[in-house]
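Topology and contacts: notes
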Amino acid sequence: MKKHDAQHHSRTAGSDQQAGVPRRTVLKAVAAAGLAGWAPFVRAQSRTLTVTCWGGSYEAAVRSAFVEPFAKEKGVTVTLVNSADLTRMKVQVQSKNVSWDVFDSIGPQIMAGSREGLWEAVDTSRIDGGGLVQKPGKDHVSTYFYAGGIGFDPKRFPDGKHPTTFKELWDVQKFPGRRGLRSRVSENLEMALLADGVAPDALYPLDIERAFKSMDRIKDAVRKWIETTPETVTLLANNEVDFSYTYLSRVLPAQRNGQSVQMSLAQTLNSFEYLAVPKHGRNTQLAMDYIAFCLRPDRQAAFCEMVEFSPNALAALDSLSPAARARIPDMKDPNSIIVDDAWWGEHYEALQRRFTEWMLM
């Protein structure tokens, strides 16, 4: 599934109402009474929640698992906006004219917004933090995570003929072949350190110099520095690389489409998606309710049945079908490593510049 493809906005079913009375009726009554000054107050009390989204099959899963049941339970309208543009979000907050009530985005954007003070503090009293893989941050909460690992073609490389761990991926003598790695620095440095013998629980803070020395050892075997996520699978399917760093959320749909691709779950890097509530919003408390709702185990399970992601709520695992559970890395396994988004939030920009220069050397 490619989250960033969608460009069109979608809306949930539901009337534009306020406390059971059509909002248009309320505004007309206000105007008729000559109380135009109250119109902003009426707008501020709107029971319409706007949530950013990524479109496509992701939007369909969000709508079914979260939006529609939440709207029904609360008696509100939820609108999905297929845009997670941090620049636009920042403009809204700084102008105090906020139209997006919940911001759904990846770690680097959420952490950048956190550093700039864009988000409200999370109301942790509504969330069972002890039951989460990733505990709530001061101003953001993760809803799910997605796994990255070593992809290969099982027809060309059956068991025993392909690497399953990052140390094996770096072993070009035992597992010769063309590698495909991402052109971004994050995940690469983690793999490099794990390949060099760093224990998963000692990974952060990353030893940057050691990581680049380890990258030097694999560089000549890299046929393609991959810029776009779909290529992590298509390069394997088209026999342009032999082993690729890819994602379970890409491999499983490719398998359903008949492509011969597979991903090792022996060692994975797991990244989180986050929800945050912007400051100066009109529906802060309702937005907090929505976040808490999205973390309910039953809602997490419903969502992860529809998409190739893993729930943040551990209790959701008990409700997943055997097929859904089989595709999720075991987060109790130390080789299921969580990418430290907070660390990358502080270091990504400078290290990406260095990594880009290193690739060209």
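Scroll up to find the structure this text is about.
Just so you know, these numbers come straight off a predicted model, no measurement behind them.

Section: empty space enclosed by the protein
Taking a probe equal in size to a water molecule and rolling it over the atoms shows the remaining empty space. What the rule picks out here adds up to two cavities of 30 Å³ or more. The computed volume of the largest cavity comes to approximately 60 Å³. Taken together, V51, Y58, V62, F66, D104, T143, Y144, L275, Y290, C294 and F303 make up the lining of the largest cavity. For the lining of the largest cavity, the elements supplying multiple residues, two or more each, are helix 3 (56-74), strand 7 (141-152) and helix 11 (284-294). Considering every element that reaches the lining of the largest cavity, the biggest residue donor is helix 3, with three residues. Looking at the lining of the largest cavity residue by residue, the classes come out as nine nonpolar, one polar and one charged. Size it by volume and the second largest cavity reaches roughly 40 Å³. If you list the elements that add at least two residues to the lining of the second largest cavity, you get strand 7 and helix 10 (248-256).

Observations concerning the nonpolar core
Where a protein is soluble and globular, its nonpolar side chains tend to be buried together. Counting residues in each nonpolar core, the largest one holds 98 residues, and the members touching the most others are L181, M215, Y290 and F303. Formed by twelve residues, the second largest nonpolar core is a distinct cluster that contains A147, L236, A254 and M263.

Comments concerning unusual backbone geometry
The amide bond that connects Y204 to the next residue, P205, takes the cis arrangement and shows omega of -5°. One can find P205 in the loop between helix 7 (188-195) and helix 8 (208-218). In this structure, K96 takes a positive phi of about 60° despite not being glycine. When you line up the elements, K96 lands in the loop between helix 4 (86-95) and strand 6 (103-106). Residue classification places K96 among the exposed positions, given a relative accessible area of 59%. A positive phi angle, close to 60°, is found at N239, a residue other than glycine. By the element assignment, N239 lies in the loop between helix 9 (231-237) and strand 10 (243-247).

Remarks on the packing of helix 5 (residues 107-115) against helix 14 (residues 341-360)
For any two helices packed against each other, the geometry is given by the interaxial angle and the distance between the axes. The geometry of helix 5 relative to helix 14 is characterised by a closest axis approach of 9 Å and an angle of 75° between their N-to-C directions. One finds that helix 5 runs roughly perpendicular with respect to helix 14. Within the contact between the two elements, helix 5 uses G107, P108, M111 and R115 and helix 14 uses D341, A342, G345 and E346. Among the residues making up the contact of helix 5 with helix 14, the classes are represented as three nonpolar, two polar and three charged.

Comments concerning the pattern of salt bridges
The tally for this structure, following the rule as stated, stands at 17 salt bridges. In this structure, K138 and D139 form a salt bridge, with 3.1 Å as the shortest nitrogen-oxygen distance. On the basis of relative accessible area, K138 is assigned to the exposed category, the value being 59%. The partner of R354 in a salt bridge is E209, and the shortest N-O contact between them spans 2.9 Å. Of the two residues, R354 sits in helix 14 while E209 sits in helix 8, which places them 145 residues apart along the sequence.

Details of helix 11
Of all eleven residues making up helix 11, nine are buried, and the element is well covered by its neighbours. Looking at helix 11, one finds that the buried residues are T284, L286, A287, M288, Y290, I291, A292, F293 and C294. Elements in contact with the buried residues of helix 11: strand 4 (48-52), helix 3, strand 7, strand 12 (268-276) and helix 12 (297-306).

Rules and cut-offs
Residues numbered from 1 in each chain as written. Predicted model: local features only at pLDDT ≥ 70, side-chain atom pairs only at ≥ 80, totals over all residues. Heavy atoms only, no water. 1 Å grid on protein atoms, 1.4 Å probe; cavity = no way out; pocket = protein on both sides within 12 Å on 5 of 7 lines; lining within 4 Å. Points joined across faces, edges and corners; volume = space filled by probe spheres on them. Helix = DSSP H or I, 4+ residues; strand = E, 2+ residues; numbered from the N terminus. Nonpolar A, V, L, I, M, F, W, Y, C, P; charged D, E, K, R; others polar. Core = buried A, V, L, I, M, F, W, Y, C linked by side-chain atoms within 4.5 Å. Buried < 20%, exposed > 50% of the residue type's maximum accessible area, 1.4 Å probe, protein only. Axes fitted to C-alpha atoms, helices over the stretch in contact; angles between N-to-C directions. Parallel < 35°, antiparallel > 145°, perpendicular 65-115°, else oblique. Contact = heavy atoms within 4.5 Å. Salt bridge = Lys/Arg side-chain N within 4 Å of Asp/Glu carboxyl O.

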